Amino acid sequence: FSSGLLAGKRVVITAGPTREALDPVRYISNHSSGKMGYALARAAVDAGAQTILVSGPVELATPDHVNRIDVQSADDMLAQCLALVADCDIFIACAAVADYRPGTISTEKIKKGPEKISLELVRNPDIVAAVAASEHSPFTIGFAAETNDLLAYASSKMERKGLDMIVANDVSDPAIGFNSDHNAATVLWPGGSRVLEEASKATIARDIIRLIADRVSLIRD
Ligand code: C5P
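Nothing here was measured: the structure is a model prediction, and the numbers come from that model.

1. What about the nonpolar core?
Here is a general trend for soluble globular proteins: nonpolar side chains tend to be buried in one another's company. Ranked by size, the top nonpolar core spans 38 residues in total, and within it L40, I90, I92, I208, I209 and I212 carry the most contacts. Those residues in contact with I90 that lie beyond four places of it in its chain are L6, K9, R10, V11, V12, P138, F139, I141, I212 and V216. M77, A95, V131 and A168 belong to the second-largest nonpolar core, a separate cluster that totals 25 residues.

2. A look at the pattern of salt bridges
In the structure shown here, the tally under the stated rule is 10 salt bridges. The residue K161 makes a salt bridge to D126 at a minimum N-O spacing of 2.7 Å. Separated by 35 residues along the polypeptide, K161 in helix α4 (residues 150-161) and D126 in the loop between β8 (121-123) and α3 (127-132) bring together distant segments of the chain. Given a relative accessible area of 19%, K161 falls into the buried group. Measuring nitrogen to oxygen at the nearest pair gives 2.9 Å for the salt bridge that ties K157 to E146.

3. Focus: the site of the ligand
Looking at the ligand, the residues that line it are A93, A95, V97, P125, D126, I127, V128, G142, F143, K157 and K161. At 2.7 Å, a backbone N or O of A93 approaches an oxygen atom of the ligand. Starting from 450 Å² of accessible surface for the ligand in isolation, the protein chains cover 83%. When contributions to the shell around the ligand are tallied by element, the ones reaching two or more residues are α3, β9 (139-146) and α4. When the residues that make up the shell around the ligand are grouped by side-chain class, the tally is seven nonpolar, one polar and three charged.

4. Remarks on the side chain of T18
Note that T18 resides in the loop between β1 (10-15) and β2 (20-23). Overall, T18 belongs to the buried group, its relative accessible area being 0%. Side-chain polar atoms of T18 contact the side chain of E20, separated by 2.8 Å. One polar contact links the side chain of T18 to the main-chain amide nitrogen of A98, over a distance of 3.0 Å. Once residues within four sequence positions are removed from consideration, T18 is found in contact with I28, S29, N30, Q72, S73, A74, M77, A96, V97 and A98.

5. Some remarks on the UniProt feature "binding site: CTP" (unreviewed entry) in the protein
In the numbering used here, UniProt assigns the "binding site: CTP" (unreviewed entry) feature to D99, K109, P125, D126, I127, V128, F143, K157 and K161. Spatially, the listed residues are scattered: they cover 63 residues, and their C-alpha atoms lie as much as 38.2 Å apart. Inspection of the secondary structure assignment puts V128 in helix α3. Filtering out sequence-adjacent residues up to four positions away, V128 remains in contact with F91, A93, T140, I141, K161 and L163.

6. Details of the pairing of β2
For a regular strand, the rule is simple: side chains alternate between the two faces of the sheet. Pairing of β2 with strand β3 (residues 26-28) involves three bridges; the strand directions are antiparallel. Bridge pairing in β3 links E20 to I28. In this structure, the hairpin formed by β2 and β3 is closed by a connection of two residues.

7. Points about the confidence of the model for the protein
Summarising the model, the protein shows a mean pLDDT of 95, and 98% of its residues fall at 70 or more. Interface scoring of the predicted complex returns ipTM 0.98; its pTM is 0.96.

Cut-offs applied
- Residues numbered from 1 in each chain as written.
- Predicted model: local features only at pLDDT ≥ 70, side-chain atom pairs only at ≥ 80, totals over all residues.
- Heavy atoms only, no water.
- Core = buried A, V, L, I, M, F, W, Y, C linked by side-chain atoms within 4.5 Å.
- Buried < 20%, exposed > 50% of the residue type's maximum accessible area, 1.4 Å probe, protein only.
- Contact = heavy atoms within 4.5 Å.
- Salt bridge = Lys/Arg side-chain N within 4 Å of Asp/Glu carboxyl O.
- Helix = DSSP H or I, 4+ residues; strand = E, 2+ residues; numbered from the N terminus.
- Near = heavy atom within 4 Å.
- Polar contact = N/O pair within 3.5 Å; in protein donor to acceptor, adjacent residues only side chain to side chain.
- Areas by Shrake-Rupley, 256 points an atom, 1.4 Å probe, with all protein chains shown as cover.
- Nonpolar A, V, L, I, M, F, W, Y, C, P; charged D, E, K, R; others polar.
- UniProt positions renumbered as here; feature names shortened; annotations may be inferred.
- Pairing = 2+ DSSP bridges.
- pLDDT = per-residue confidence, 0-100.

Right, dumping it as C-alpha cells:
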C-alpha cells in the first residue's frame, strides 16, 4: 500500500446513519455504525488524500488528519456534500441514508392519546446520485447492500445513479456488514470487477482505496 496513491487528491466520504426528526425529542434512524466509512477515511489519509468525513451521528473517534463535518438529517448531509463537491476529486457514499423522513416535523413534543396514529413519510433526496449528476462531478463510488441477486442489483444501481464504481455487499450473511468489524464485497466498475474476500474493514477499506486509485489514474490522467 503506497502512501502516495492518492497524494494531492481531495476525498469526501459520507458515513453513518441519518436521523430524521419527528418532533424535538424523537427521530427515525437505523443501526449503521459508521465503521466502514471511518475505515475508508483512515485508508484515504494513509494514501495521502486530503480527507473529509460527512458523518451522521456515530460512536466513533475521528481518525487522525480527517476533517469531520457532523450532520443529522439526509437534507443536512446533501447540503454539506453539494457545498463540498466543487473541491472534491473522489466522493465515496458510505452513509446509510434514511430513505424516508417524516412529512412534517412537529415543533412541540407529540402527545400520547389515540390508540392509533399514523405517520406520513416522504422520500429523501438521493445524495450520491445528486453528487454524480452535479456539474463538477467527482469520481463517485456508492455501496449496494443486497440480500439476493447481488451483482445484478449492484450493477443496475451503479448505472441508475451514474456512479463510476460500486461496492456490493451481501447482507444476508450476519457475520459481515452493519455492526461487524469484518466485511466482504465485490467491487464493480464499468467493464470490470474484483472480489474482496472476508477481511477486517480496515483491510477491505485499503483494497477499495487501491482500486479507486487505479481507476482514477486510468480515467482522469
Ligand atoms: O439505493 P440504495 O440506498 O440501496 O443505495 C445505496 C447507496 O446510495 C449508498 O452508496 C448510499 O450511501 C447512497 N445513498 C445516498 N442517498 C440516499 C440513499 C442512498 O447517497 N438517499
